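Below, each chain spelled out in residue letters.
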2 protein chains.
Amino acid sequence: MPRMPVPFGDDVSALNLGRGKLAVLKTDMLVARTDVPPKMTLWQAARKAVVMNISDFAAKGVKPKAILVSLGLPRDLSEEGVQEIADGLNAGAREYGAYVIGGDTGESSDLTISISLFGTAEEGEVLLRSGARPGDLLAVTGRFGKTAAGLRILVDNLEAPDEIRGTLVESVLMPRARLEEGLALSRTKAVTAAIDSSDGLAWSLHEIASASNIGFLIQKLPTANETARLCKISNLDPTDLTLYGGEEYELVLTIKPKLWNKAEKAVNRAGGTLLQIGKATAEKRVLLETKGRRHTIEPRGYEHFRT
Amino acid sequence: MPRMPVPFGDDVSALNLGRGKLAVLKTDMLVARTDVPPKMTLWQAARKAVVMNISDFAAKGVKPKAILVSLGLPRDLSEEGVQEIADGLNAGAREYGAYVIGGDTGESSDLTISISLFGTAEEGEVLLRSGARPGDLLAVTGRFGKTAAGLRILVDNLEAPDEIRGTLVESVLMPRARLEEGLALSRTKAVTAAIDSSDGLAWSLHEIASASNIGFLIQKLPTANETARLCKISNLDPTDLTLYGGEEYELVLTIKPKLWNKAEKAVNRAGGTLLQIGKATAEKRVLLETKGRRHTIEPRGYEHFRT
C-alpha cells in the first residue's frame, strides 16, 4: 500500500482515514498446541489470545476499541468448552475496555483463536520501533523472567517453594498487557521507540536497535525477585531467563533523557513502574555490562514450547 | 458493545467512527484440512482465503481497503510454499483493489490462514440481512451448483466431459467474489437485504428469511448449465447441488420491485447479471415451486468436505 503510516513489519498496521485520523489494526493467532501450556484452562487461553494482541496496541500507545475473533474448534470440543472460550474472550476484552463485535467459527485439529483488534489514533501519535536515538534512556515497565520460570514449573514440573510458585505460575496463566502504561506514555511525547516483550527481552532490544539503527548498553538486568530466588534454588541462569524467556508482556521503550521524569510520573499515575535498564548507543551492538565487563546479547527470541 | 451499527451475527461487524462514518470489519479463517480440496495449490488456497472474506464485504456493499493475515504454518512447509502463500494473498487482495498491510505467523499442524478485512462505509449504507419485506423480488448474481459439481470431480473423482469439467473445477479452485456487483447494487438503494451464498443457497435464503421475519417462494431454480449436464450424465440431483452446495460466492438479495430495473442495469454495468428466482412472502416458509407443486427447502447448509 502506498504511503503506509506504520511500516510493514511493525507490531500493528495502520491506514489513513483522512482528517489526520488513522485506523489501527492488528491480528495474531493463538494455537493451543504451541501457545497453551499445561494447566491453562480454555477460559485462560481465550483471555490470553486477547491479551497478547492488546499488548501490541499498548506498545504503540493505541487504545483498542473492537475485537473480532476467528475460531478454529476441534471436533471433540464440548459446548461448555466453547462457552468457556467465549467467556474468556469477553473477559479479556472488557478488562481493557474493548468489545468483541464479531467473528466466525470453523473446524480445526488444533484449537486456534485468531484475534483482530481495531482502534483509531491521531496521525503521528503511534509509537514506532524506529525512533530511538543514541543517548535515549532504555526503560521497561516491569521485571522479567517470571514466565520463563513459570513455564519450567508448568511444563517441566520444576519444584518451587509455595511463596514464589503462585506468582510465577500466575504470570503464565494470567498475563497482563501494559495498556494503561502505554497510553499514558504515548501522551507524554517522551517515547522515541517502543515494542512489547512477547518474544523475549533480548529479541525486543534487537528489534528496536535494528529498526532505529542504534545499539544498546544494558547496565541493570531487570530480573524479577521470584525468578532470582528460583534460579538460586534450582541452579538456573537468571540472565538466561530474563533475556530469552518470552510471552512476557512488558513494554520496552526508549525515552528522551529530558523527559524521563515526565514519563516516569505518567506511568506511576497509571499504576505502573518505569525501570531504567540502560541506554541507546551509537555503536550498533546490544551489550550487557556486568561487573565491569561487556557481553553480547544474542538476537535470539522465544519461540514457544511444544507439548 | 452498545449501539452496534450492524447486529451481531451478520456477515460483517461495524463500529461508529463519528461524522456518519463506519469502520467495517470481518474475519474468517481457512483451514487446509477442511477448506482446501485436492489439487488446489497453496497459491489458490491463499487467494481463496482472501476471496471468501471479500465476498462478505461484497454482500454488504462495502469496499475492502486493507487486509491483515494471521498464518499458522505447518513445520514441514517449505520456504517456496510460504512464498506461494504470500503471492496468493497479494493476488487476491489486488484483484479486489485492497492491500495486505500486515499480519503475523506462527506454527500450526493444519495450514491455517486467518484473514481480517477493513473498510469504511457511510452510516446506513451497509446492506443487512434483515430488511426484506413481503413482495420484494428475490435475486441472485449467478447460477448455482458448479462448486458442488466441481467438488464431486475433485474429491470423489467423478468423471466429467472435458467441455464442462474445466468450468466446474475452476469454480472450486478460482472462486470469485461479486464485489463490483455488490458495490453497484448498494448505490442503487434498491436492495432490502443481502447475504453471500458461501454456506449454500438454501442456507442463505433461510438466513435472510429468519433475520427479516419473512419467507420465500422460489419459482426458478438457478441451476448452472454445466451442473445440469453433469447431473444428467451421472444421475445426480440438480436441485440438491443447486440448493445445498457451498463455497459459492454469489450474492443473494431482495430487491424493491419498483427499483428492479435500476438494480439490473447497475449490475449489468458492473459486468454481471441479476437473475430473479422468486419473491419474499409474508408466509414464513422457504418453498420451491416446481410443476405447480410446492416443496419445503430445508434449512440445511454446506459445511465443508473432509480429506
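Quick caveat, the model's predicted, so the values are computed rather than measured.

Peer 1: It is not clear to me how the overall build of chain A should be interpreted in this structure. Could you clarify?
Peer 2: Along chain A, the regular secondary structure elements total ten helices and twelve strands. Against the globule reference of 19 Å for 307 residues, chain A gives a C-alpha radius of gyration of 19 Å, in line with a compact fold. Projecting the C-alpha coordinates of chain A onto the three principal axes gives extents of approximately 60 × 55 × 35 Å. Looking at chain A as a whole, 58% of its 307 residues qualify as buried. Partitioning the intrachain contacts of chain A with sequence separation of at least 6 by distance along the chain shows that 83% fall at a separation of at least 24. A total of about 12600 Å² of accessible surface is found on chain A, and carbon and sulfur atoms cover 47% of it. For chain A, the distance from the average site of its 39 positive side-chain charges to the average site of its 39 negative ones is 9 Å.

Peer 1: Can you help me understand the packing of helix 6 (residues 179–188) of chain A against helix 10 (residues 260–269) of chain A in this one?
Peer 2: Any two packed helices are characterised by how steeply their axes cross, that is the angle between the axes, and by the distance between the axes. All names here are of chain A. One way to put it is that helix 6 packs onto helix 10 with a least axis distance of 8 Å and a crossing angle of 150 degrees. In this view, helix 6 runs roughly antiparallel relative to helix 10, as classed from their interaxial angle. Remark: the crossing between helix 6 and helix 10 carries right-handed chirality. On helix 10, the residues that touch E181, A184, L185 and T188 of helix 6 are K262, A263, A266 and V267. Residues of the contact of helix 6 with helix 10, tallied by class, amount to five nonpolar, one polar and two charged.

Peer 1: Any chance you could explain the packing of aromatic side chains here in plain terms?
Peer 2: Here a ring pair, both rings aromatic, is described through the centre-centre distance and the interplanar angle of the planes. Enumeration according to the criterion identifies one aromatic pair over all chains in this entry. Summarising the aromatic geometry, the rings of F118 of chain A and F118 of chain B are spaced 5.4 Å apart at their centres and angled 20 degrees between planes, so their arrangement reads as stacked. Here the residue F118 of chain A occupies a position in strand 5 (residues 112–122), and F118 of chain B occupies one in strand 5 (residues 112–122), the pair thus bridging two chains. Residue classification places F118 of chain A among the buried residues on the basis of a relative accessible area of 0%. Positioned above the aromatic ring of Y244 of chain A is the side chain of R300 of chain A, whose terminal nitrogen or guanidinium carbon lies 3.9 Å from the ring centre.

Peer 1: Please clarify how the environment of I255 of chain A should be interpreted in this entry.
Peer 2: In this structure, I255 of chain A sits in strand 9 (residues 251–255). Not counting the four nearest positions on each side in its chain, I255 of chain A is found in contact with D136, L137, A139, L185, A190, V191, T192, W260, A263 and L274 of chain A.

Peer 1: Just to check I follow, could you spell out the packing of helix 2 (residues 42–60) of chain B against helix 3 (residues 79–95) of chain B for this structure?
Peer 2: Residue and element names in this part refer to chain B. Contact pair helix 2 / helix 3: the axes reach a minimum separation of 7 Å and the direction vectors enclose 40 degrees. Considered as vectors, helix 2 and helix 3 are oriented oblique to each other. When the axes of helix 2 and helix 3 are compared, the crossing they make is right-handed. Residue-level contacts link L42, W43, A46, R47 and V50 of helix 2 to G81, E84, I85, D87, G88, L89, A91, G92, A93 and E95 of helix 3. Residue composition of the contact of helix 2 with helix 3, grouped by class: eight nonpolar, three polar and four charged.

Peer 1: Please clarify how the relation of the copies chain A and chain B should be interpreted in this entry.
Peer 2: Comparison of the two chain copies shows a relationship of rotation about an axis with a shift along it. Under the fitted operation, chain A is carried onto chain B by 0.0 Å of movement along the axis and a turn of 180 degrees, and the coordinates agree to an RMSD of 0.0 Å. Each copy turns onto its partner about a two-fold axis. A symmetric contact is evident, with 100% of the interface residues of chain A recurring at the interface of chain B.

Peer 1: Teacher, can you tell me more about the pattern of salt bridges here?
Peer 2: The final tally for this structure, using the stated rule, is 46 salt bridges over all chains. The closest approach of N and O atoms between D56 of chain A and K26 of chain A, which form a salt bridge, is 3.2 Å. Separated by 30 residues along the polypeptide, D56 of chain A in helix 2 (residues 42–60) and K26 of chain A in strand 2 (residues 21–31) bring together distant segments of the chain. By the burial criterion, D56 of chain A is buried, and K26 of chain A matches it. For the salt bridge of R178 of chain B with E181 of chain B, the shortest nitrogen-to-oxygen distance reads 3.2 Å. Since its relative accessible area comes to 6%, E181 of chain B is described here as buried. Connected via shared salt-bridge partners are D10, D11, K60, R129 and E207 of chain A.

Peer 1: Got a minute to help me understand helix 7 (residues 201–212) of chain A in this structure?
Peer 2: Every α-helical turn comprises 3.6 residues, leaving residues that sit three or four positions apart pointing alike. Residues and elements named next belong to chain A. The terminal C-alpha atoms of helix 7 lie 16 Å apart, and with twelve residues this matches the ideal 16 Å at 1.5 Å per residue to within 8%. When helix 7 is considered as a whole, its buried residues turn out to be L201, A202, S204, L205, H206, I208, A209 and S212. Of the surrounding secondary structure, the elements contacted by the buried residues of helix 7 are strand 6 (137–140), strand 7 (191–196), strand 8 (215–218), helix 9 (238–244), strand 9 and strand 11 (286–290).

Peer 1: Where do I start with the sheet that holds strand 1 (residues 13–18) of chain B in this structure?
Peer 2: Hydrogen bonds between backbone atoms are what pair the strands of a sheet, whose relative direction is either parallel or antiparallel. Residues and elements named next belong to chain B. Read across the sheet, five strands follow the order 1-2-5-3-4 without closing on themselves; strand pairing throughout is mixed. Among the strands making up the open sheet, the edge pair consists of strand 1 and strand 4 (99–107). Each neighbouring strand pair of the sheet contributes to a mean axis angle of 20 degrees, computed without reference to strand direction. Across eleven bridges, strand 2 (residues 21–31) lies against strand 5 in antiparallel orientation.

Basis of the calculations
For every chain, the first residue of its written sequence is number 1, and the numbers climb from 1 along that sequence. Here the convention is simple: chains get letters from A, ligands get numbers from 1, in the order in which they are written. Local features are withheld for residues below a pLDDT of 70 in this predicted model, meaning they are given only at 70 or higher, and side-chain atom pairs are given and counted only at 80 or more; totals for whole chains, interfaces and linings count all residues. The side-chain numbers reported here are obtained from all heavy atoms of the structure, hydrogens and water having been left aside. The numbering of helices and of strands both runs from the N terminus, where a helix is a DSSP run of H or I of at least 4 residues and a strand a run of E of at least 2. Based on C-alpha atoms, the radius of gyration is set beside the globule rule, defined as 2.2 Å times the residue count to the power 0.38. To sort residues, take the accessible area from a 1.4 Å probe on protein chains only and compare it with the maximum for the residue type: under 20% means buried, over 50% means exposed, and anything in between is partly exposed. Contacts were defined at the residue level, with two residues in contact if any of their heavy atoms lie within 4.5 Å. Reported accessibility uses the Shrake-Rupley method at a 1.4 Å probe radius. Residues are deemed covered only where the shown protein chains occlude them. In this tally, Lys and Arg are treated as positive and Asp and Glu as negative; His is ignored, and so are the chain termini. To locate a charge, take atom NZ for lysine, CZ for arginine, CG for aspartate or CD for glutamate. Only C-alpha atoms enter the line fits that serve as axes; for helices the fit covers just the stretch in contact. Angles between N-to-C directions range over 0 to 180 degrees. Each angle is binned into one of four classes, with values under 35 degrees roughly parallel, values over 145 roughly antiparallel, values of 65 to 115 roughly perpendicular, and all other values oblique. For any pair of crossing helices, the crossing counts as left-handed if the nearer helix is rotated counterclockwise from the farther one by less than a right angle, and right-handed if it is rotated clockwise. Only Asp, Glu, Lys and Arg are considered charged in this grouping, and only Ala, Val, Leu, Ile, Met, Phe, Trp, Tyr, Cys and Pro are considered nonpolar; every other residue, Gly among them, is considered polar. For this analysis, a ring pair means two rings from Phe, Tyr or Trp (six-membered ring only for Trp) whose centres lie within 6.5 Å, classed as stacked if their planes differ by under 30 degrees, edge-to-face if by over 60, and tilted for the remaining angles. Only Lys NZ and Arg CZ are tested; either one counts as a charge over a ring when it is within 6 Å of the ring centre and within 35 degrees of the ring normal. Here the copies are superposed with least squares, the fitted atoms being C-alpha atoms of residues at a pLDDT of at least 70 in both. Salt bridge, as used here, is a side-chain nitrogen of Lys or Arg placed within 4 Å of a carboxyl oxygen of Asp or Glu. A helix is expected to span 1.5 Å for every residue after the first. Here, a strand pair is defined by DSSP locating no fewer than two bridges between the strands.

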